[in-house]
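In case you want the letters, here they are:
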Amino acid sequence: MTGAQEWLGRVGQNWAAEWERTDRSFAALTPHLLAAIALEPGRRVIDIGCGAGELSIALAAARPDAHLTGIDISAELIDAARSRAGDQVNLSFAVADAASWQADDAAPDLYVSRHGVMFFTDPPAAFAHLASKAAPGARMVFSCFRPASENLWATEIARLLPPGKPAPAADFPPGPFAFADPDQARRCLQGWRDVTFQPLDFAYVAGSGANPVADAVSFFSRIGPAAAAIRTLPDQARAAFERGLLELVQSRCVGGRVCFPAAAWLVTATADNS
Ligand SMILES: C[S@@+](CC[C@H](N)C(=O)[O-])C[C@H]1O[C@@H](n2cnc3c(N)ncnc32)[C@H](O)[C@@H]1O
């Protein structure tokens, strides 16, 4: 489970330090998300849980007539986003909890997010809040993971954990798989109608460069379910887990990259406020 407290602490700090590698892991998903967003009108655009800002920065460049605001609960991630954004005039960032965020001026007419909406403590309340702050009939486009069973970057690592240790990835909120089940996601999307789900498969890149295997082991030691296991397992179990992780990553190294199958939903919805 990864909730707001984790993002405010160690998880957010690690993602801020590792933004180049976390961006790489989602890179194959981003063009699909950008193509879906390009179909939507919107001049006041909010990127929810923007992290280090890759989607916000790309959208600000693609939509010079729009204003993009990236919001994130983690101050470290917003610092990372600001430091890489440069001086795009139609782009700003703010530290805010999306569940209580207030618009500075005009109401947003488009919310977007790349995997930033699955961590709310009370998802129905958070989505109802976002709808209440939106312009009439505002649109929303976001990506989120499909079930853990279709995301082998999570399940293959979970299988390396000692028996009896609860799997780090569950299909329940809050966490990466909170919206894996469309019925559950629809129940969370209070204040939104016309909800659609489109499946997208992509390669989750965990390692590349001169030594992709070492790169992937180092990445997983900092980000995701393996990082938590390495931090919390007793010495002997940790050594066995690390041996298993190395073998797993070696088995997934093809053509100079370590990749795992990953599965996402592309979700669209309309604010039910007009
Ligand atoms: C999986 S990361 C995705 C980050 C970014 N969208 C990307 O694609 O790299 C989830 C993000 O959601 C943010 N987040 C979690 N809970 C939040 C909340 N209640 N309000 C705003 N941001 C939140 C985290 O700090 C983190 O940056």
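Shown above is the structure to which this text applies.
All values derive from a computational prediction rather than experimental measurement. (Residues numbered from 1 in each chain as written. Predicted model: local features only at pLDDT ≥ 70, side-chain atom pairs only at ≥ 80, totals over all residues. Heavy atoms only, no water.)

## Side note on helix H2 (residues 10-17)
No. 1: Every buried residue belonging to H2 is among Gly12, Asn14 and Ala16, and all of these are buried.
No. 2: Buried residues along H2 sit against helix H1 (4-8), helix H3 (19-26), helix H6 (75-85) and helix H10 (212-222). (Buried < 20%, exposed > 50% of the residue type's maximum accessible area, 1.4 Å probe, protein only. Helix = DSSP H or I, 4+ residues; strand = E, 2+ residues; numbered from the N terminus. Contact = heavy atoms within 4.5 Å.)

## Focus on the site of the ligand
No. 1: Near the ligand, the surroundings consist of 18 residues, among which Gly49, Asp72, Asp97, Ala98 and Arg114 are the closest.
No. 2: At a separation of 3.3 Å, a nitrogen atom of the ligand approaches a polar backbone atom of Ile73.
No. 3: Protein contact buries 97% of the 590 Å² of open area that the ligand shows by itself.
No. 4: Looking at the shell around the ligand residue by residue, the classes come out as 10 nonpolar, 5 polar and 3 charged. (Near = heavy atom within 4 Å. Polar contact = N/O pair within 3.5 Å; in protein donor to acceptor, adjacent residues only side chain to side chain. Areas by Shrake-Rupley, 256 points an atom, 1.4 Å probe, with all protein chains shown as cover. Nonpolar A, V, L, I, M, F, W, Y, C, P; charged D, E, K, R; others polar.)

## Things to note about the packing of aromatic side chains
No. 1: Tallied over the full model, the rule gives 18 aromatic pairs.
No. 2: Over the face of the ring belonging to Phe219 we find Arg24, whose NZ or CZ atom lies 5.9 Å from the ring centre.
No. 3: Lying across the ring of Trp265, Arg146 places its NZ or CZ 5.5 Å from the centre. (Phe/Tyr/Trp six-rings, centres within 6.5 Å; stacked < 30°, edge-to-face > 60°. Lys NZ or Arg CZ within 6 Å of the ring centre and 35° of its normal.)

## What about the environment of Leu59?
No. 1: Counting through the fold element by element, Leu59 comes out in helix H5 (residues 54-62).
No. 2: Accessibility expressed as a relative area gives 4% for Leu59, which makes it buried.
No. 3: When the C-alpha positions of Leu59 and Asn90 are compared, they lie 9.8 Å apart, and in sequence the two are 31 residues distant.
No. 4: Discounting residues that sit within four places of it in the chain, Leu59 has contacts with Leu34, Ile37, Leu68 and Val112.

## Structural notes on the pattern of salt bridges
No. 1: The full count for this structure, using the stated rule, is 16 salt bridges.
No. 2: Across the salt bridge formed by Arg222 and Glu18, the nearest N and O atoms sit 3.0 Å from each other. Separated by 204 residues along the polypeptide, Arg222 in helix H10 and Glu18 in the loop between H2 and H3 bring together distant segments of the chain.
No. 3: Residue classification places Glu18 among the buried residues on the basis of a relative accessible area of 10%. (Salt bridge = Lys/Arg side-chain N within 4 Å of Asp/Glu carboxyl O.)

## Remarks on the nonpolar core
No. 1: Judged by nonpolar contacts, the single largest core of 90 residues is most densely connected at Phe127, Trp192 and Phe220.
No. 2: Here this core takes 9 residues from strand S8 (residues 257-271), the largest share from any one element.
No. 3: In this structure Phe220 touches Ile157, Tyr204, Ala206, Ala226, Ala227, Leu245, Val249 and Phe260, once residues within four positions along its chain are discounted. (Core = buried A, V, L, I, M, F, W, Y, C linked by side-chain atoms within 4.5 Å.)

## What to know about the packing of H2 against H6
Relative orientation and spacing of two packed helices are given, respectively, by the angle between their axes and the distance between those axes.
No. 1: Across the interface, H2 lies against H6 with an axial gap of 8 Å and an inter-helix angle of 15°. As far as their axial angle goes, H6 and H2 are roughly parallel. Crossing angle aside, the handedness with which H2 passes H6 is left-handed. On H6, the residues that touch Gly12, Gln13, Trp15 and Ala16 of H2 are Glu76, Leu77 and Ala80.
No. 2: Looking at side-chain class alone, the contact of H2 with H6 contains 4 nonpolar, 2 polar and 1 charged residues. (Axes fitted to C-alpha atoms, helices over the stretch in contact; angles between N-to-C directions. Parallel < 35°, antiparallel > 145°, perpendicular 65-115°, else oblique. Left-handed = near helix turned anticlockwise from the far one by under 90°.)

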